[in-house]
Amino acid sequence: MKTYAEYLQMVETVLSAQLASLGQIPEKLFETMDYSLSAGGKRLRPVLLLAACDTLGGDLSEALPFACALEMIHTYSLIHDDLPAMDNDDLRRGRPTNHKVFGEGMAILAGDGLLSAAAELMLRAAVQMGDLRGVRAAEAILRRAGVTGMVAGQVMDVTGEGSTPTLEKVEYIHLHKTADLLTAPIEAGFLLAGATDEQVKAGCAYGMHLGLAFQMVDDLLDVEGESAVLGKSIGKDAAAGKLTWVAVRGAEQTRDDAKEQVRLAVEAMNMLPGETNFLKTLAQSTLNRVQ
Ligand code: GRG
């Protein structure tokens, strides 16, 4: 197993090059996509994918294109979420948002481009692998990013704005908008490593609990965090009447709920062979994150 910084470095080194490897991308389109893609961020999803694959003894060079593709999908979702028609944000990853720099039309196209590039990269890698592991990993990532996953969660987030917050609605948003895209790397990383169905199931349970905890802490940071450290605006959820965990449960209970989700994530990892300490520690660190 490697450290977080080492997995992150593996991703940073090839991320823009993976995009460029698709061929003759119009210069303006590449610049717009790469502006957000290379802006940093924690790279949590690709790091999770590499670590999950490593945990079960998989081949990291096979997993790398899938890790990059997942970060492209995450970046597209941030670009589209920041648009005036959605969250209308000016600041992301410490930089002006994509549409502020390139205009709304190009920001929409950059998101479209990143999503389709991700699918193309994963399927190209799957063809090269020549067995079904890559296809299954691509399917898992696209499913969790898609119309029963992140997009479904975002729809509830957008349409629920201003409505009465209920636990049922907020749980649906957290599970799909956030937890699905944090489960995707574990599911895909395990599939690439040739995991059994039972192992994939335990990995998905870990991802779901980690994702719920991550979003609970995100909701807390929107109330209590620092914009300069987070690299994005804060205080917007309550102002926009967003359905958040804090709105339903209050800050104190949200902290306890997040702790419980982390406990369940760690418990799910206990059922697995291999060096699971990295994933356990990462789940625990979610509770203290300030970014
Ligand atoms: C546009 C279909 C569509 C979905 C958008 C990403 C998203 C869904 C909404 C952004 C707002 C939000 C709070 C999403 C929940 C997931 C989340 C906390 C995203 C931010 O992820 P980080 O903290 O960001 O991993 P970095 O910049 O570190 O990658």
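Before reading further, recall that the structure is shown in the block above.
Presented here is an overview of the structure given in this document. Keep in mind that this is a model prediction, so the values were computed, not measured. (Residues numbered from 1 in each chain as written. Predicted model: local features only at pLDDT ≥ 70, side-chain atom pairs only at ≥ 80, totals over all residues. Heavy atoms only, no water.)

Scanning the chain for helices and strands turns up 14 helices and two strands. Relative to the globule expectation of 19 Å for 291 residues, the C-alpha radius of gyration of the chain, 18 Å, shows essentially globular dimensions. Its C-alpha atoms give the chain principal-axis dimensions of roughly 50 × 50 × 30 Å. Counting all 291 residues of the chain, 53% fall into the buried class. Intrachain contacts of the chain at a sequence separation of at least 6 include 74% that bridge at least 24 residues. Summing over all exposed atoms, the chain offers an accessible surface of approximately 12300 Å²; the carbon and sulfur share of this is 55%. The positive charge centre, built from 26 side chains, and the negative charge centre, built from 39, are 1 Å apart in the chain. (Helix = DSSP H or I, 4+ residues; strand = E, 2+ residues; numbered from the N terminus. Rg over C-alpha atoms; globule rule 2.2 N^0.38 Å. Buried < 20%, exposed > 50% of the residue type's maximum accessible area, 1.4 Å probe, protein only. Contact = heavy atoms within 4.5 Å. Areas by Shrake-Rupley, 256 points an atom, 1.4 Å probe, with all protein chains shown as cover. Lys, Arg positive; Asp, Glu negative; His and termini not counted. Charge placed at Lys NZ, Arg CZ, Asp CG, Glu CD.)

Looking now at the nonpolar core. Ranked by size, the top nonpolar core spans 70 residues in total, and within it Phe-66, Met-72 and Tyr-206 carry the most contacts. Broken down by element, the residue count for this core peaks at 12 residues, all from helix H4 (residues 60-81). Once you skip the residues sitting within four places of it in the chain, Tyr-206 turns out to touch Leu-48, Ile-186, Ala-265, Ala-268, Met-269, Leu-279, Leu-282 and Ala-283. Core analysis: the next-biggest nonpolar cluster, separate from the first, contains 10 residues, Leu-221, Leu-230, Leu-243 and Ala-258 among them. (Core = buried A, V, L, I, M, F, W, Y, C linked by side-chain atoms within 4.5 Å.)

According to the stated counting rule, one finds 24 salt bridges in the structure shown. Salt-bridge contacts for Arg-133 lead to Glu-62; the nearest nitrogen and oxygen are separated by 2.9 Å. Note that Arg-133 is positioned in helix H7 (residues 132-145) and Glu-62 in helix H4, a separation of 71 residues in sequence. For Arg-133, a relative accessible area of 23% translates into the label partly exposed. (Salt bridge = Lys/Arg side-chain N within 4 Å of Asp/Glu carboxyl O.)

Let us now look at the packing of helix H9 (residues 167-192) against helix H10 (residues 197-224). Any two packed helices are characterised by the angle at which their axes cross and by the distance between the axes. At a closest axis distance of 7 Å, the pairing of H9 and H10 adopts a crossing angle of 145°. Pair H9 / H10 crosses with right-handed handedness. Residue composition of the contact of H9 with H10, by class: 13 nonpolar, eight polar and three charged. (Axes fitted to C-alpha atoms, helices over the stretch in contact; angles between N-to-C directions. Left-handed = near helix turned anticlockwise from the far one by under 90°. Nonpolar A, V, L, I, M, F, W, Y, C, P; charged D, E, K, R; others polar.)

Taken together, the side chains of Val-147, Val-151 and Val-155 define a hydrophobic patch exposed on the protein surface, amounting to about 260 Å² of accessible area. The residue Val-147 is located in the loop between H7 and helix H8 (150-160) in this model. (Patch = residues over 30% accessible without salt bridge, like charges linked within 9 Å, V, L, I, M, F, W, Y side chains within 5 Å.)

Another point: the site of the ligand. In the vicinity of the ligand, 17 residues are found, and the nearest of them are Lys-42, Arg-45, His-74, Arg-93 and Gln-215. Here an oxygen atom of the ligand sits 2.6 Å away from a polar atom, N or O, in the side chain of Lys-42. Here Arg-93 contributes a side-chain N or O atom positioned 2.8 Å from an oxygen atom of the ligand. Alone, the ligand offers 700 Å² of accessible surface; in the complex the protein occludes 92% of this. Of all the elements in the fold, those that place two or more residues in the shell around the ligand are H4, H8, H9 and H10. (Near = heavy atom within 4 Å. Polar contact = N/O pair within 3.5 Å; in protein donor to acceptor, adjacent residues only side chain to side chain.)

The next subject is unusual backbone geometry. One non-glycine residue, Asn-88, adopts positive backbone phi at about 55°. Along the chain, Asn-88 falls in the loop between H4 and strand E1 (91-92). On the basis of relative accessibility, which here comes to 42%, the residue Asn-88 falls in the partly exposed class. Phi at Arg-93 takes a positive value of approximately 50°, unusual for a residue other than glycine. If you trace the backbone, Arg-93 turns up in the loop between E1 and strand E2 (95-96).

Along the polypeptide, Glu-198 turns up in helix H10. Distance in space between the C-alpha atoms of Glu-198 and Met-271 is 9.4 Å, their sequence separation being 73 residues.

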